[in-house]
Every structure is written in structure tokens, then in C-alpha cells.
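Per-entry structural report
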Amino acid sequence: MLRFLISRLLTFIPTFIGVCIISFAFIRVLPGDPIVVMAGERGLSDERYQEMVEQFGFDRPLIVQFWDFFTGVLQGDLGTSFVTKRPVFDEFFALFPATLELSFCAIVIAIVLGLPAGVIAAVNRGKFFDRALMSSALVGYSMPIFWWALLLIIIFSGNLGWTPVSGRIDLLYFFPPVTGFMLIDSLLSGQDGAFTSAVRHLILPSIVLATIPLAVIARQTRSAMLEVLGEDYIRTARSKGLAPPRVNGLHALRNAMIPVITVIGLSVGMLLAGAILTETIFSWPGIGKWMVDSIYRRDYPVVQGGLLMVALMVMVVNLIVDLTYGLINPKIRKR
Amino acid sequence: MADVSSSTNTTPTDAATARPGRFKEFWRYFKENRGAVIGFYVFVFFLIVAIFAPLLAPFDPSSQNRAATLVPPFWQSGGNWTYPLGTDPLGRDMLSRLIHGARYSFLVGTVVVILAATGGILTGLVAGFAPKWLDTIIMRIMDIILSIPSLLLALVLVAILGPSLLNAMIAIAIVLQPHYVRLTRAAVMTELSKDYVVSAKVAGARLPRLMFVTVLPNCLAPIIVQAALSFSNAILDVAALGFLGMGAQPPTPEWGTMLAEAREFILRAWWVVTFPGLAILVTVLAINLMGDGLRDALDPKLKRS
Amino acid sequence: MSLLTIKNLSVDFDTAGGMFRAVDGVDINVDQGDILAIVGESGSGKSVSMLAMMGLLPWTATITADEMSFDGIDLRDLGPMARRKVIGRDMSMIFQEPMSSLNPCFTVGFQIKESLKIHLDLDRAERKKRAIELMELVGIPDPERRLKAFPHQLSGGMSQRVMIAMALACKPRLLIADEPTTALDVTIQAQILDLLADLQKETGMALILITHDMGVVAETAQRVQVQYAGQKVEEQEVRGLFSDPHHPYTAALLAALPERATERHLPTIPGVVPGQYDRPQGCLFSPRCKFADDKCRKTPPPVQPPDLGLARCHYPITRQEDVA
């Protein structure tokens, strides 16, 4: 296990450096002068241009620029936003809890519904439940989630008036962020109705964000379960007189989980991609919306730093998934 | 392994007429899957609509009728048969815009798949045949690209290249390409250890011949399935970019862009939002149904799922 | 009263090509303390009848029987809940592939204790004690440490011992061993067979041994039942069967034993067990039987009286005739 851990950590380093290079290279190597693009249609004077070139350090050799950037990254310095003049690093961590809260709820929904759906479909293979569940899963998998979000808003916010359209909580409530997680903060604030308001704001975005991972998890669980259900040890479990829920839910699912865990890990990347759309539509003040806004505003330090941080998050999650994989699969654990 | 060469060996009756026999066998498997056949018909329907869009559309997709803005579809009160699916805020006919939008979706799907598959297959072949150090470098680069959420990477690329449909397609192709690299490399690795490759080497086949004539045809099955999947992914992602204002620019009747334009009217005029999205969903669903059918038909080993 | 009585059991599978009868009118009778061997080639429906009794067949199977009772309980219309109280507790089973029959994700200890937990009213400490006892019983050294092992850390023989321990957990009255030694090395095979025989003697349970190996039968069983293509073709005491087989198929099986070979070449039975599409009209063995005549090919044979081993044959062999 320890050797597995170390070898896994070692592959982390070159990937990390590579991500640094890519996010650094984007604004410097690709066609288009970022400063001109930033200025937009108004244009800017030669002095101002020169000033900005120096501020960015674009006049120095690329390798020196990269070294500065890279050493900065290692010290937690990702530069300063053009727009807010605040360090990118601080902005990221101020907004990250919002995305984390949303993604966490989404992945919980996806797992809590997707696993049983896959198991039920596999156990009832070829019957009505299987067809119904797998057809729905394919629809979910094909869903343009930005449209799905609008549709849900039309139905639940427009026609039924059950859920708010945007934001994390009603403007009625105000309290300083303690943890950054609205669900926890609203409880801590002790204000009446704050928590329910936070939950109501969270419901639609979570459902939207959960849709595709849910479909992917359900499909993968079903095919993994079908494979496992044909194994000899399932017959053994049944011959012991175990009830079907225990056979399917414990003996089969535990083995089927091994490929499913991988898929859950991959869905975290999907979640962050989905968060861009979901957060934009629901005005959810998280990383996705922050990145999109910065791209609109040509706030290049934020784009560069944000890209790096998001990639880093995905890599950390993949690392965690690999380690979980080791925990759940005894063949790796006991080596 | 269910590679193409061995499947012809197991059916000696087909060996004489290998090509049609193999296709017939494929079609037989494909037909078994009812969903796939339905998906195929829907796909063909959309394809015909896309090809004959100017003939089918009752109006020019960008002609505005200021007298008839936000007309509801014909079955709602206030709707009429002139605009069967209603009009948008600028008085343009929804049906005509949707019909023309099909062209963009197919264009996007085709171009992206061709770009991504060509680049990905070539890189994957190189990685599979290359010495270990080069292979490691290529695969590390692919890992890096994959560690950035695809839509975010595409957004950043488009932001730098400038928002347009072409740049959106290039960005999505770059983002989808690592999947082809991984797939091709894995397939090449399995094929390389087989006897027929060794015998080709012994017979003196040069490297290009070995790569493209001997090995590549036997790796095609998973790549074709991936092509179907990335066709639908490309449509979804380019629509998403359009929705974020980073893809096709208005007044292009691209479905994602149409949604973006209609966003502020969602609570007043449901149809301007519902139809473009529904068109995306149905197209993508049809392609995914076909993709599932293709996978089952081309790779009997995966038939279980 | 006998422990297990099965009369006229048939199992049909609903396959893509229509119904397929895997077990055809089989009777099985086992008393407390019996060791019954069921012998036959692959595909002769030996395991299927046992799996049918345990309720382990997939839903495509249709099971019919005139009588199927275990210890006075009618198994035919037993609900799934009630059946689960019996199987794994009073009646348990071990399988052919010990390595793949243990769940790779759980420790050996967990899998043994699981049976104890659902069937018996023991607390944690008692379950652990019993698990260690069981591991000792099946001859696993250092049981306390082995309880924490995962299946992939065990050898095939060791895995089969664990399977046996698991099957014996609730002191069953009937153990069904489905080809328990086929997948093991020859030296281990003998050990496992000895272990099964010893355990049977110690506990007094009944043992049904499913095998295709006549050698295994001779070493272990008291009574033998020969199955062919889903039918029981002969049943005798082991001694009688080896010295005086009545059905030509039994005779041919015995002749194929290396110990009995009289020539350089081992005699074999030509052909294979009939499948779904090539089922003969008369006696099922007639296409492969060297004594078969037109009557055998046209009319299904009767079952002979017990002194002729209940042989399902028109012309049962008797000792006077020359077997070769």
C-alpha cells in the first residue's frame, strides 16, 4: 500500500508541472496579444501599453517569466486580479466553498440515486424496471444541462413558484461567512428560516449538476453489477441463505464498486465542467461563475491561476480516488 | 480478443466475401437493438433536414417580422399556422431557425470528430509504436489535458483565439482528442503483441505500412464507437459554448446560441427556450442510442452491458 | 424416515431455442448419515438437480417434482424466506471452483461468521470462537490469523477448506459437495476427500457428492447414482456397482478407469451427451451404446427392478454376460 501510494504521488509531480506550464503558456504562446485583447475596443495609449507590459513582465524572457510564475505558485502566489486587485489565491479560496457545497450535494444526489438505480436495473435485467431506468439514464446522459436548468426554472420557479431562481440565500438574511458553506453558516447564524432558504436555493442547481454524473454512475453500476452477478461467489452467498438485499447490496455491490469508484472520480471532472454552466445560470457565486466572468472580463491572472487551481483540484480528487480504489480492492491493499 | 481479423476467421463461410459478410453480420447485431435502430432513423431524419434546410424552412432564419414578435406555437391561444412553432423576440420564425440549426450541429459534429480523430489516432499510433520515453511524454501531456475540465479548457482556448464557431470547434476538438490517443494507444499495444504483427515484421514490412496497414485496421472498432460518442459530445459542448456566448455568434441560428438569446424570456415565452434545447437533446440522444448499438454490434465482448 | 426425498424431479430451462430439459424425472433418496455419489459426464444434469433443490437456479428454470422434501419440510412450495432459513443452515453446499467461490472483497473470517450471524443466535465473541473452531476442524493451521486473510492470499486447497468450514458453520444435516476436488491438484484432492469423509463420520451428516470421477466414488461413497442426460440410469451400493454394473453406460464408465484398463489404450465412450437439439427418440444413451438395437432407438426404456440397480435400460447387463 505504501509503495502504491508513493508511486502514485510521484506521477503527480510531472503532471502538476505540466499543468503549470499549460496555464502559463495559454496567454503567452497562443495568438492574440492579451493586453490588446484586454483593452478591448477602447484601445489604449502606447505609454499605458508599455506600462502594462512591464507590470506583466512580458518584456522579460519567457523562461524567466515562467520561473517567476512557478516559484510564485509554489509559495501560493498566483498574482493579482486586474479587476478586484485582490490576490487570485485568496479569491479562489473565498469562492471555493460555494462550488464545493454545490458539487458535494450534486455528487451525493448522483451516488444516492445512481447506485441503487444501477443495482435495481441489473437485478431486474431485461424487465420493465431495467428498461425504464436505463432509458432515463440515457436521456440524462444526453442532456444539455444548460437547457435542463432553464426548463427546471420554468417549471419550478416560474409555474410553481417553489424555488428561487438564483443566488445562494434570500437577501433577507445576512450573516458573515464562517465556514463559507451556506448550509452550515445559515444554521450557525441562528436566524429563522435561513437554513430552509439556503436549502431551497441549493435544490435546483444540485439537481442540474447531478444529472449527468447520475446517469453515468447508473449505467456503469448496472454493467459492473451484471458482470459480478454471474460470478461464483454470488452463488456461494445465495447458498448460505442470505437474503437478496444482502447478496446484491453487499456481496455483489462491493465488488461492482471497484469500477464504479473510478467513474465517480471521473465525474468530478465533469462536475467542475458542469459547474461552469450551472453556476452561470443560477448566479451561484462559485469557481465556475468566477472563471466565466474573468474570461468575459479578460482578467488574465485570474484565468491563469483559476485554471491551475481547478486542474489541481481534479488531480487531487483523482489521487483520492486511486487511494480509495486501493482501500476497497484488497488485492491492492494487501501487497 | 474480438478483433476484426479473428471474427472473420471464425465464420469461414463469410471469408470468401469478407466485406459484405462482415457488414451484414454487423447489421444483424445492430438491428437486434431496437433503440439503436430508432436512433439511426432519427439521425437520418435530422441529416436530411440539415441537408435540405433551405428548401424545408418556410422563412429565412434571420428575417425579422417586427409585427409578430414572441408569437406562441399554433396550439396555444394567439398562435397561428404561419409560425407553427412561434417566433422569437425579434419576430423570427422558430421552425426555420431550428431547421437551419440542424446544419450547424452536423457541421460541428463532423468537423470536430474528423479533427479530433485524425489528431488523436496519429498521436496514439506514434505513442504505441514509439520508444518508451516518447510514449511517456505523450501520455503525460494527455493526462495534463484531461486533468482540466473539458469545457473550462475549451472556454479559455476560445477566449484567447476569439469567440467564433470555428474556434469553438477547434477548441472542442483539442479537448476531445486525448480520448482518441488513449484508446488508439491501448489498442495498438494489444495488437502489437499478436502473432500477425510479428509475422508482418518478419516479412519485412516497413514502419508506416506496419502502422497504417497492419495494425490500424484492427484497432478501429473501439475508435468508431468513440467517434459516435464524441460526435454527440461535440454537439453538446459547442452548444454550451454558444450558450455562454463563446461559440457561434448571433444571429447564427445555432441551437446553443439561440438558447442564450432567449434566456431572458424564459418566464414569458417558454417556447423560445424549450424547442432549441429539445432539438439538442433529441439529436444527442439519437446519436448516443446509435453509439450504444454500435458498441454492442462491433464489440460482442461488451455485449453484456 | 429419510432425510431427503425427491421423486420425479424435472428442470426445464427457457432458452432462446425453446425449452431445454436439463433434469428428467430424477429420484433421490438420502438418509441421515448416508454418503451418496451422483456420477455422470459434464452436462448430465448432476449439479442442476441439487441447485434446483437449493433454489439457486435462475428464473429461466422451471422446476417440477412429485415430491421434494427435506427433513419433513416440503421444498416445493416453500417461500423464498422460509427456504433461506433452511439452506445454508440445515443444508449447505460447496462448489467446484473454490478460488472464485469466495468473495474477493471480504475476509475469510467475515464470510464464515456471516453464516453464523444470520442463522444462529450467537454474540460476536461466540461467533469468533466458533469460526476458529471451524477453521481448526477443516485443518487450517494458525486459524486466528487466517480469519483475517483475503481469499486471494489462499491456495486452492486452502480455499476449499474455507468453503467447507463455511458450509459446516451451522452444523448442517446435509452437505452437498459439487465436484469439490475437480479444480485442485491431485495431492490436494485426496486430502479434501479424506477431510470430507472424516467430517461426515464425525458429525453424522448426510453427504451428497457430485462428481464425474469414478475414482472419487470408489474411495468415498456408500451408494452411487449414475446420471446420463438428465436421467438417472442406475443406482446401487458402491460395491455392487463396481462389481456388477447393470446399465451399459455404467459399465462403459467403469471400463474407462485407468486402474481397470486391460489394454494399452484406455477405452473411451464415443460421442458426447446429447444436447438441446440432438435428443434421441428412444433410449438417450442409444447413439453411444454398443448394445443398442432398433427397440432402444425407438422406445424409451423402462426402469428395471432394484435388484437390477433400477437400470433404465431395455437389456440390463447381468453378471453372466460378458461385459467387454
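Residues numbered from 1 in each chain as written. Chains lettered and ligands numbered in written order. Predicted model: local features only at pLDDT ≥ 70, side-chain atom pairs only at ≥ 80, totals over all residues.

Looking at the overall build of chain A
Of regular secondary structure, chain A possesses 14 helices and zero strands. Of the regular secondary structure in chain A, the N- to C-terminal order runs α-α-α-α-α-α-α-α-α-α-α-α-α-α. Counting only residues that meet the buried cut, chain A has 44% of its 335 residues in that class. Look at the contacts in chain A between residues 6 or more apart in sequence, and 73% of them connect residues 24 or more apart. (Helix = DSSP H or I, 4+ residues; strand = E, 2+ residues; numbered from the N terminus. Buried ≥ 20, exposed ≤ 12 C-beta atoms within 10 Å, placed from the backbone. Contact = placed C-beta atoms within 7 Å.)

Quick word on the overall build of chain C
For chain C, the count of helices and strands is twelve helices and eleven strands. Expected size for 324 residues packed as a compact globule is a radius of gyration near 20 Å; at 21 Å, chain C falls within 12% of this value. The buried share among the 324 residues of chain C stands at 44%. Across chain C, every contact between residues at least 6 apart in sequence was considered, and the portion connecting residues at least 24 apart equals 64%. (Rg over C-alpha atoms; globule rule 2.2 N^0.38 Å.)

A closer look at the domain arrangement of chain C
Residues and elements named next belong to chain C. Each assigned domain of chain C is listed with its residue range as follows: domain 1 (4-243) and domain 2 (250-324). Inter-centroid distance (C-alpha atoms) of domain 1 to domain 2 is 28 Å. In this assembly, 19 residues from domain 1 lie in contact with 13 residues from domain 2. Of all elements in the fold, only helix 9 (214-220), strand 10 (223-228), strand 11 (231-237) and helix 10 (238-243) reach the threshold of two or more residues within the side of domain 1 that touches domain 2. Ranked by residue count, the leading element in the side of domain 1 that touches domain 2 is strand 11, at six residues. Grouping the constituent residues of the side of domain 1 that touches domain 2 by class yields eight nonpolar, seven polar and four charged. (Domains from an automatic or database assignment. Nonpolar A, V, L, I, M, F, W, Y, C, P; charged D, E, K, R; others polar.)

Here's the deal with the interface of chain A and chain C
Contacts between the two partners involve 18 residues from chain A and, on the opposite side, 24 residues from chain C. When residues of the side of chain A that touches chain C are traced back to their parent elements, those giving at least two are helix 10 (232-239), helix 11 (244-281) and helix 14 (330-333) of chain A. Ranked by residue count, the leading element in the side of chain A that touches chain C is helix 10 of chain A, at seven residues. Each residue belonging to the side of chain A that touches chain C can be placed in one class, and the counts come to five nonpolar, five polar and eight charged.

Re the UniProt feature "transmembrane region" (unreviewed entry) in chain A
All names here are of chain A. Per the UniProt record, "transmembrane region" (unreviewed entry) is annotated on residues 9-30, 92-120, 132-156, 198-218, 256-282 and 302-328. Structurally, residues 92-120 is divided into 100% helix and 0% strand, and its ends, taken at the C-alpha atoms, are 40 Å apart. Each end of residues 302-328 is marked by a C-alpha atom, and these two atoms are 38 Å apart; helix forms 100% of the span and strand 0%. (UniProt positions renumbered as here; feature names shortened; annotations may be inferred.)

Observations regarding the interface of chain B and chain A
In this complex, chain B contributes 38 residues to the contact, which on the side of chain A involves 41 residues. Every element with two or more residues in the side of chain B that touches chain A is listed here: helix 7 (132-146), helix 8 (150-161), helix 12 (220-243) and helix 14 (270-298) of chain B. The dominant element in the side of chain B that touches chain A, judged by the number of residues it contributes, is helix 14 of chain B, at ten residues. Each residue belonging to the side of chain B that touches chain A can be placed in one class, and the counts come to 26 nonpolar, eight polar and four charged.

Description of the UniProt feature "domain: ABC transmembrane type-1" (unreviewed entry) in chain A
Per the UniProt annotation, the sites labelled "domain: ABC transmembrane type-1" (unreviewed entry) are residues 96-321 of chain A. As a span, residues 96-321 of chain A carries 80% helix and 0% strand, and end to end its C-alpha atoms are 20 Å apart.

Examining the sheet that holds strand 8 (residues 174-178) of chain C
All names here are of chain C. Pairing within the open sheet is mixed, and its six strands lie in the order 7-8-9-3-10-11. On the outer flanks of this sheet lie strand 7 (91-94) and strand 11, each paired with one strand and no other. Each neighbouring strand pair of the sheet contributes to a mean axis angle of 15 degrees, computed without reference to strand direction. Here strand 3 (residues 35-39) pairs with strand 9 (residues 206-211) via five bridges, running parallel. (Pairing = 2+ DSSP bridges. Axes fitted to C-alpha atoms, helices over the stretch in contact; angles between N-to-C directions.)

Quick notes on the environment of I145 of chain A
All names here are of chain A. Its place among the elements puts I145 in helix 7 (residues 145-159). Counting along the chain gives 65 residues from I145 to A210, while the straight-line C-alpha distance between them is 9.6 Å. Aside from chain neighbours lying at most four places away, what touches I145 is V208, T211, I212, G274, L277 and T278.

With respect to the pairing of strand 7 of chain C
Residue and element names in this part refer to chain C. Side chains M91 and M93 project from strand 7 onto one buried face, and the interleaved S92 and I94 project onto a second face that is buried too. Here strand 7 runs beside strand 8; their pairing, made up of four bridges, is parallel. Counted as the bridge partner of I94 is A177 from strand 8.

Overview of the nonpolar core
Ranked by internal contacts, the top residues of the largest apolar core, which has 260 residues, are L152, L155 and I172 of chain B. Not counting chain neighbours up to four residues away, the residues in contact with L155 of chain B comprise I276, V292 and I295 of chain A together with L241, L244 and M246 of chain B. (Core = buried A, V, L, I, M, F, W, Y, C linked by C-beta atoms within 7 Å.)

Quick notes on the domain arrangement of chain A
Size of an interface: often given as the accessible area lost when the parts come together. All names here are of chain A. Its domain assignment divides chain A into domain 1 (19-74) and domain 2 (88-333). Taking only C-alpha atoms into account, the centre of domain 1 sits 36 Å from that of domain 2. The partner domain 2 presents seven residues to the ten residues of domain 1 that form the contact. Counting residues per element, the ones that place at least two in the side of domain 1 that touches domain 2 are helix 1 (2-29) and helix 2 (34-39). Considering each element in turn, the side of domain 1 that touches domain 2 owes the most residues, six residues, to helix 1. Considered class by class, the residues forming the side of domain 1 that touches domain 2 number nine nonpolar, one polar and no charged.

Describing the arrangement of the chains
The interface with the highest contact count, out of two pairs of chains in contact, is the one between chains A and B. Nothing in chain B touches chain C, and the closest approach of their C-alpha atoms is 14 Å.

Describing the pairing of strand 5 (residues 67-70) of chain C
All names here are of chain C. On strand 5, burial follows the alternation: M68 and F70 on one face are buried, whereas E67 and S69 on the facing-out side are not. Of the pairings in the sheet, the one linking strand 1 (residues 4-15) to strand 5 comprises four bridges and is antiparallel in character. When the bridges of strand 5 are listed, K7 appears paired with E67. Sheet topology note: the strand 5/strand 6 (residues 73-74) ladder contains two bridges and is antiparallel. Bridging from a neighbouring strand, F70 pairs with I73 of strand 6.

Quick word on the environment of Q236 of chain C
Of note, Q236 of chain C is situated in strand 11. Take Q236 of chain C: there are 24 C-beta atoms within 10 Å of it, and that puts it in the buried class.

Notes on the packing of helix 8 of chain B against helix 12 of chain B
All names here are of chain B. Across the interface, helix 8 lies against helix 12 with an axial gap of 11 Å and an inter-helix angle of 55 degrees. On the basis of the axis angle, helix 8 is oblique to helix 12. Crossing of helix 8 against helix 12: the hand is right-handed. Here S150, L151, A154, L155 and V158 of helix 8 come into contact with helix 12, specifically with D237, A240 and L241. Residue composition of the contact of helix 8 with helix 12, by class: six nonpolar, one polar and one charged. (Parallel < 35°, antiparallel > 145°, perpendicular 65-115°, else oblique. Left-handed = near helix turned anticlockwise from the far one by under 90°.)

Side note on the confidence of the model for chain C
Overall, the prediction assigns chain C a mean pLDDT of 85, with 97% of residues at 70 or greater. Interface confidence for the predicted complex, given as ipTM, is 0.85, next to a pTM of 0.83. (pLDDT = per-residue confidence, 0-100.)

Focus: the packing of helix 11 of chain A against helix 8 of chain B
In helix packing, the relevant descriptors are the interaxial angle and the interaxial distance, both defined with respect to the helix axes. Between helix 11 of chain A and helix 8 of chain B, whose axes approach to 7 Å, the crossing angle comes to 55 degrees. On the basis of their axis angle, the class for helix 11 of chain A and helix 8 of chain B is oblique. Taken together, the residues of helix 8 of chain B that come into contact with helix 11 of chain A (itself represented by L272, A273 and I276 of chain A) are S150, L151, L152 and L155 of chain B. Residue composition of the contact of helix 11 of chain A with helix 8 of chain B, by class: six nonpolar, one polar and no charged.

Notes on unusual backbone geometry
Looking along the chain, the bond that leaves P250 of chain B and enters P251 of chain B is cis, with omega of 5 degrees. Tracing the chain through its elements places P251 of chain B in the loop between helix 12 and helix 13 (255-262). In this model, K85 of chain A sits at a positive phi of 60 degrees, which is unusual for a non-glycine residue. Locating K85 of chain A in the fold gives a position in the loop between helix 4 (62-74) and helix 5 (88-123). The exposure class of K85 of chain A is exposed, given the 7 C-beta atoms found within 10 Å. Non-glycine residue D142 of chain C carries a positive phi angle of around 55 degrees.

Digging into the environment of V138 of chain C
Relative to the helices and strands, V138 of chain C resides in the loop between helix 5 (124-137) and helix 6 (143-146). Beyond its immediate stretch of four places on either side in the chain, V138 of chain C contacts R161, I164, A165 and L195 of chain C.

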